[in-house]
Amino acid sequence: MKIFTFLIFCSTITFAQNSKLVNVFIGTDGTGHTFPGPSMPFGMVQPGPDNKDYGWDHTSGYQYNDTILLGFSQTRLSGTGISEMGDVLLLPINPKKEQLKNAYYKNTEIGKVGYYALTKKDDVKVELTCSERVAFHQYTFPDNGAQVYVDLQHGLRFLFDEQSQQGLVIESDVKIENNTTISGFCATQNWVSRKYYFTITFDQPFINLNHLDPKPKDKAPKYLLDFTLANNKILKVKIALSSVAVDGAKLNMQTEIPHWDFEQVYHNNLANWETYLDKIDIEAPLKQMEIFYTSLYHLFLQPSNIADVDGKYRGVDDKIAIAPNKAYYSTLSIWDIYRGAFPLLQILAPERIDDIVQTMLIHHKAKGFLPIWTAWGQDNYCMIGNHAIPMILSAYQNGFNGFDANEALKAMVETSTVSHINSDWELYTQYGFYPFDKLDNEAVSRTLESGYDDWCVAKMAAKLGEKEIEYKFIQRATYYQNIFDYQTQFFRGRDSKGNWRAPFNPLLATSPMNNPGDYTEANAWQYFWTPTQYDIKGVTELLSGKNNFTTKLNDFFTTHAENPNKFLGQEAMIGQYAHGNEPSHHIIYLYAYSNEPKKGQTYIHQVINEFHNNTPDGMIGNDDCGQMSAWYILSTLGFYPLNPASGEFVFGSPQVNKATIHLSNNKSFSIHANNFSEQAIYNEVRLLNGNTCNNPFITYQEIMEGGNLIFEMTSK
């Protein structure tokens, strides 16, 4: 029995400077795929260094161990497995040491919240900061003579082939307005097809513009600009972007940075970050605090608000509209963030949630289905399922009402009944699962993930009194049982005649990009637990009871495979638990529903200690726009949303002695771990007022009411 009590109270909140604990280089080496350059919380621009413009290792444009520099582009994704963006590349050059223009001294590299700097081997110092929509560069040259290379053909490319043009600009219209300003638009065909508009403004005039010879297939210009600088030898550049028009980019610049004070922009950026990073205080050693606050920083980087300052944005239908609250969100890595990041944002940034939901509903109006994975307002259709559905249910379940609930249900139903990419509903309903001989790959994973979405539609319908819809979708939510093989005790590929795919190896991971099969970046072991997000009882019954459920869970964490492949989601392994990819993230918390609940706490400690570090390679597996970071934050606090749409957070084991969440309603919620040690296991979660609860979870509403949650710990 788990016992917990809450003490409701309000308190005066005082903020520390937690930004000083952020190490922006965590995750920049290896497969974290994060970047060290500045951004604003949920910002449109992310100026930073590009070491390479293609390849798995450089999906953010950056890898920590590289020392070759293409230049500094203004946009990128955080922690993803595929590249996008990389708009408007600039590179300052010392004309006296032109041969060293692409090299820099690694020991001069500085990265911190709101600021990035390095010194190139041609003795040019580069400093970067930004506002929400405008990048600000400051270059210090050794002499008055200076050059800036401007590459508008540049982009971070989807494919891993150096010769591929995919990801580079396919259309442009660029104007040299005068000797300080270059403006225009570019279109790219990469992960998505998109247009971006820009304006580049220098604080000093260039005295010469050299239009460089294009390469074959180039569709945008490259320039080399010459400057004779004032005596301070500093050149400043502002680059504003817009999805709408050049005038929108100019308005963004005029509104956000109407001056040339680099330090002021940096300090404004930092002050904005402090309001987010100070939402949680923890008591922990320095190393742990650095990992925690860097995770918090990564959580808030994206999704990105791509609306201009006047609220205008270009939607998925290529039409210009005005966002209701001047916020229209993209870089929605939905397959990843629905699990932990979005529930955590509802606690820490509730002011953003209604607009995120509104964005998804606007997308539905334009396309006929909810978004799957968006970048710069366009859907790349990456990954499977339609997990905007659990995000909407989660928000509504937790009391967010800044959107029309009936419109939301309509969008959820249409998304689940009108076929679109990766969702063939006629096939799904005809067979009660996806037959592997009727589609190219991922048949098992698509069936299992659609089941969760179906459950969410049913619950939303129940809340709105739509009994017929509820009944239809609660039945569909059981389709996962149609692909359960009682002999092997796994969910397996099945063809349209009912035959199982053979041969069958539950350890074999598959992925649509490099090893097509029945599973998505995972294997049969890892996808077995997908229905437990919403139907633990049903899965337990398939296994003939709780004892077998516990045995299966234990086997999962102790069954090993040789040579796991990180490109197939097999990273940070404990048995078949793959912490490096999202399908495994909730599975440790299933121990709360087993016969051995304390064993899950032991594995949480292991993941925290072995797979997270305060070093550049301290994140094993893509951060995926904050989901990996969200897992770390929530698990440090002591709970995680096993079912992200339920409003419930299952208890794990807190990793700090004390943590306090400063809530937006001027209340606070504190977690205390009595008798805490690094490997402590809790015996009970208790209250101060004597009330008891048999549930192994706490609800969103209970957290937002404020109070104290007390974990009684014992040594391992």
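Presented here is a report on the structure given in the accompanying data block. (Residues numbered from 1 in each chain as written. Predicted model: local features only at pLDDT ≥ 70, side-chain atom pairs only at ≥ 80, totals over all residues. Heavy atoms only, no water.)

## Topic: the sheet that holds strand S27 (residues 648–651)
Then step 1. In spatial order, the strands read S26-S27-S31; together these three strands make up an open sheet with antiparallel pairing. Looking at which strands have only one partner, the edges of the open sheet turn out to be strand S26 (639–640) and strand S31 (697–699).
Then step 2. As defined by bridge partners, S27 adjoins S31 across three bridges and the pair is classed as antiparallel. In the strand pairing of S31, Phe649 is matched with Ile698. (Pairing = 2+ DSSP bridges. Helix = DSSP H or I, 4+ residues; strand = E, 2+ residues; numbered from the N terminus.)

## Re the pattern of salt bridges
Then step 1. One pass over the structure, following the stated rule, counts 23 salt bridges.
Then step 2. The partner of Lys222 in a salt bridge is Asp218, with the nearest N and O atoms 3.4 Å apart. For the pair Lys222 and Asp218, one class covers both residues: buried.
Then step 3. Here Arg446 ties to Asp440 by a salt bridge, and the two come within 3.5 Å at their closest N and O atoms. (Salt bridge = Lys/Arg side-chain N within 4 Å of Asp/Glu carboxyl O. Buried < 20%, exposed > 50% of the residue type's maximum accessible area, 1.4 Å probe, protein only.)

## With respect to the sheet that holds strand S10 (residues 181–189)
Then step 1. With respect to topology, eight strands assemble into an open sheet ordered S4-S5-S6-S7-S14-S11-S10-S9, the strand pairing being antiparallel. What marks the edges here is a single partner per strand, and that holds for strand S4 (110–112) and strand S9 (169–176). Between one strand and the next, the sheet's axes are offset by a mean angle of 15 degrees, whatever the strand orientation.
Then step 2. As judged from the four bridges shared by strand S5 (residues 115–119) and strand S6 (residues 125–130), these two strands associate in the antiparallel manner. Counterpart to Tyr116 in the pairing with S6 is Leu128.
Then step 3. The sheet contacts of helix H1 (residues 246–256) involve strand S7 (134–140), S10, strand S11 (193–202) and strand S14 (234–242), and relative to S14 the element is tilted by about 125 degrees. (Axes fitted to C-alpha atoms, helices over the stretch in contact; angles between N-to-C directions. Contact = heavy atoms within 4.5 Å.)

## A few points about empty space enclosed by the protein
Then step 1. Evaluation of the coordinates by the stated rule reveals four cavities of 30 Å³ or more.
Then step 2. Contributing to the lining of the largest cavity are Gly43, Met44, Gln46, Arg76, Leu77, Met85, Gln302, Ser304, Ile306, Thr331 and Trp376.
Then step 3. Across the lining of the largest cavity, the residue classes tally to five nonpolar, five polar and one charged. (1 Å grid on protein atoms, 1.4 Å probe; cavity = no way out; pocket = protein on both sides within 12 Å on 5 of 7 lines; lining within 4 Å. Points joined across faces, edges and corners; volume = space filled by probe spheres on them. Nonpolar A, V, L, I, M, F, W, Y, C, P; charged D, E, K, R; others polar.)

## Here we look at the packing of aromatic side chains
Then step 1. Per the counting criterion, the structure on display carries 53 aromatic pairs.
Then step 2. Where Tyr480 meets Phe491, the ring centres are 5.8 Å apart and the plane angle is 75 degrees; that geometry is what we call edge-to-face. Here Tyr480, found in the loop between helix H11 (467–476) and strand S22 (484–485), pairs with Phe491, found in strand S23 (residues 490–491); they are eleven residues apart in sequence, far enough to count as distant.
Then step 3. Accessibility expressed as a relative area gives 0% for Tyr480, which makes it buried.
Then step 4. Given the relative accessible area of 1%, Phe491 is considered buried.
Then step 5. Its guanidinium or amino end placed over the ring of Phe35, Arg76 lies 6.0 Å from that ring's centre, counting from NZ or CZ. (Phe/Tyr/Trp six-rings, centres within 6.5 Å; stacked < 30°, edge-to-face > 60°. Lys NZ or Arg CZ within 6 Å of the ring centre and 35° of its normal.)

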